[in-house]
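Coordinates in review
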Number of protein chains: 2
Amino acid sequence: MLELAILGLLEEQELHGYEIRRRLREELGFLANVSFGSLYPALARLERSGAVVAAGEVASTPGIPMTGSLAGERAAFWPRRGPAPRSRRGRKVYRITEEGRRQFAALLAAEPGAGEDARSFGLRLAFARYLPPAARLRLLERRRSQLQERLEAARRVAADHQLDRYARSLAEHAKESTEQDISWLDRLIAAERSGGGDGVHWTPSPAPMPSPDPSRAASAAPSSAAAAAVTKGLP
Amino acid sequence: MLELAILGLLEEQELHGYEIRRRLREELGFLANVSFGSLYPALARLERSGAVVAAGEVASTPGIPMTGSLAGERAAFWPRRGPAPRSRRGRKVYRITEEGRRQFAALLAAEPGAGEDARSFGLRLAFARYLPPAARLRLLERRRSQLQERLEAARRVAADHQLDRYARSLAEHAKESTEQDISWLDRLIAAERSGGGDGVHWTPSPAPMPSPDPSRAASAAPSSAAAAAVTKGLP
DNA sequence: GTCATCATGTAAGCCGTTACATGATTGC
DNA sequence: GCAATCATGTAACGGCTTACATGATGAC
């Protein structure tokens, strides 16, 4: 989960840990309170598995040899957006690798058996543009059928006469918001079926991206995949 | 959390582990997939801490001495509701104690600093009838202010032009459902303020309940505090 | 010079999950 | 007798949180 979110953010641009956390908090509503205690170890894992590299290390991609000037090398990887970097030491800017893109695509497309909650779905939807249209549709429909089941359960509960006012109100509210979630999904699915074939919204994730062009970090970014809390899950 | 849910269910009637899990799944939408691997250890902890006792053991409440016939003693604690008990061995029927009621009241009233998510709130609301009116109001208002903050964050995100269609849709949906949650809460708060003072809905939890009357298990129960998933949290 | 913020990390521990192991009861 | 369901538990492990430790930079 965290890995997926991190890789998704890094698909767009290079970032350092602190900044990743800020985006997680401010832009993705779910995962709002990931702490450094889980973020940094996650980054370390990703680095060990070869999914990301810390800036300055040009990975094993040949063609861009190190100059020998570490400082110069690192300077080239400072994030360009935002106010000029203020602190320039201690920051470890991470970049996603080909292997990382592969992992990202795999995580994104993974169809988790039972453990798909709203956070997981929301996260995947936020990065849905990296998903091939068919997988996107499956994601939406899988979610829809889960919500449908939940709706039926909610209806059963709400039908219980014996609930006190609080439990009843809770049950009815649950029923109603599930209904609204479903109709939202239905709109998304319809849009996907009709206009979806245009391919406009598919940025193939494991794209051939042979030379890690530094200018990409500065210019690419259709902005962060942001999207606040669908989840009632967190604060 | 789990402890709170278990104690809440046991406030109403005696139950054995398997049945507790069934209710958790079917009636409380959150906590839908607690597994035995967490449920049984939780029950064991509660038993060790004196919050619950297994049927047959009359706790340290004097006045109802053991007859010596264990089988007879246990028979008196089979749950009376539902179809006649089919399997009659291996079941450990738990009953809440005075100490358990104390713990329940404490857990229910606890004001968790930051870690209050929808599950936690939903659970507390489901058992809100055990909360004194003032605490109930605080619970609702605390939740409202959290949602208010979330709404503002969601608005900021939704205002971002650069979102792709999926992230945008997600952000807008999040904004709208948060708005609806807030207006639902506002209705609850209003109801609480006006009609709330009647005391009708307060069953003081740590009530004096000196002799554990077996008939209570059969007759009391204003039904389980049930209420399905407010949480988008789980399946 | 000191405070707030930025920035990275480690250690302990909680809470829960999956998977495994066991056995009784009922229906066929 | 066998399978399904009911019923209880243990063991290993995973992920995330809290709390702690450290230090650079910039503002005042």
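In the annotation of an unreviewed UniProt entry, chain A is listed under the name PadR family transcriptional regulator and assigned to Aciditerrimonas ferrireducens.

Moving on to the overall build of chain A. Each helix and strand in chain A was counted, giving nine helices and three strands. Listing every helix and strand of chain A by position from the N terminus yields α-β-α-α-β-α-β-α-α-α-α-α. Once local pairs closer than 6 in sequence are excluded, the contacts in chain A between residues at least 24 apart make up 71%.

We now examine the UniProt feature "coiled-coil region" (unreviewed entry) in chain A. Following the UniProt record, one finds the feature "coiled-coil region" (unreviewed entry) at residues 137–164 of chain A. Along residues 137–164 of chain A one finds 82% helix and 0% strand; the C-alpha atoms at either end are 40 Å apart.

Two strands in a sheet stick together by hydrogen bonds in their backbones, pointing the same way (parallel) or opposite ways (antiparallel). All names here are of chain A. One open sheet accounts for three strands, arranged β1-β3-β2; its pairing is antiparallel. Single-partner strands in this sheet number two, and they are β1 (15–16) and β2 (52–54). Of the strand pairs in this sheet, β1 and strand β3 (residues 93–96) are connected by two bridges, and their pairing is antiparallel. By the bridge assignment for β3, Leu-15 is matched with Tyr-94. Across the sheet, helix α1 (residues 2–12) lies against β1, β2 and β3, angled at about 90 degrees from β3, the strand it touches most. Packing against the sheet, helix α3 (residues 36–48) makes contact with β2 and β3, and its axis sits at approximately 105 degrees to β2.

Moving on, we come to the packing of aromatic side chains. Under the counting rule described, the total for this entry stands at eleven aromatic pairs over all chains. Considering the side-chain rings of Phe-104 of chain A and Tyr-130 of chain A, the 5.4 Å spacing of their centres and the 80 degrees angle between planes classify their relative orientation as edge-to-face. Within this pair, whereas Phe-104 of chain A is found in helix α5 (residues 98–109), its partner Tyr-130 of chain A is found in the loop between α6 (118–126) and α7 (133–159), the two being separated by 26 residues in sequence. Comparing Phe-104 of chain A with Tyr-130 of chain A shows no difference in burial state: the two are buried. For the pair Phe-121 of chain B and Trp-184 of chain B, a centre-to-centre distance of 6.5 Å together with 85 degrees between the ring planes defines the contact as edge-to-face. Here Phe-121 of chain B is found in helix α6 (residues 118–126), whereas its partner Trp-184 of chain B is found in helix α8 (residues 165–194), with 63 residues between them in sequence. Both residues of the pair, Phe-121 of chain B and Trp-184 of chain B, count as buried. A network of ring pairs unites the aromatic residues Tyr-18, Phe-36 and Tyr-40 of chain A as a single cluster. Its end group placed over the ring of Phe-36 of chain A, Arg-21 of chain A keeps NZ or CZ at 4.3 Å from the ring centre.

Calculation criteria
Residues numbered from 1 in each chain as written. Chains lettered and ligands numbered in written order. Predicted model: local features only at pLDDT ≥ 70, side-chain atom pairs only at ≥ 80, totals over all residues. Heavy atoms only, no water. Helix = DSSP H or I, 4+ residues; strand = E, 2+ residues; numbered from the N terminus. Contact = heavy atoms within 4.5 Å. UniProt positions renumbered as here; feature names shortened; annotations may be inferred. Pairing = 2+ DSSP bridges. Axes fitted to C-alpha atoms, helices over the stretch in contact; angles between N-to-C directions. Phe/Tyr/Trp six-rings, centres within 6.5 Å; stacked < 30°, edge-to-face > 60°. Buried < 20%, exposed > 50% of the residue type's maximum accessible area, 1.4 Å probe, protein only. Lys NZ or Arg CZ within 6 Å of the ring centre and 35° of its normal.

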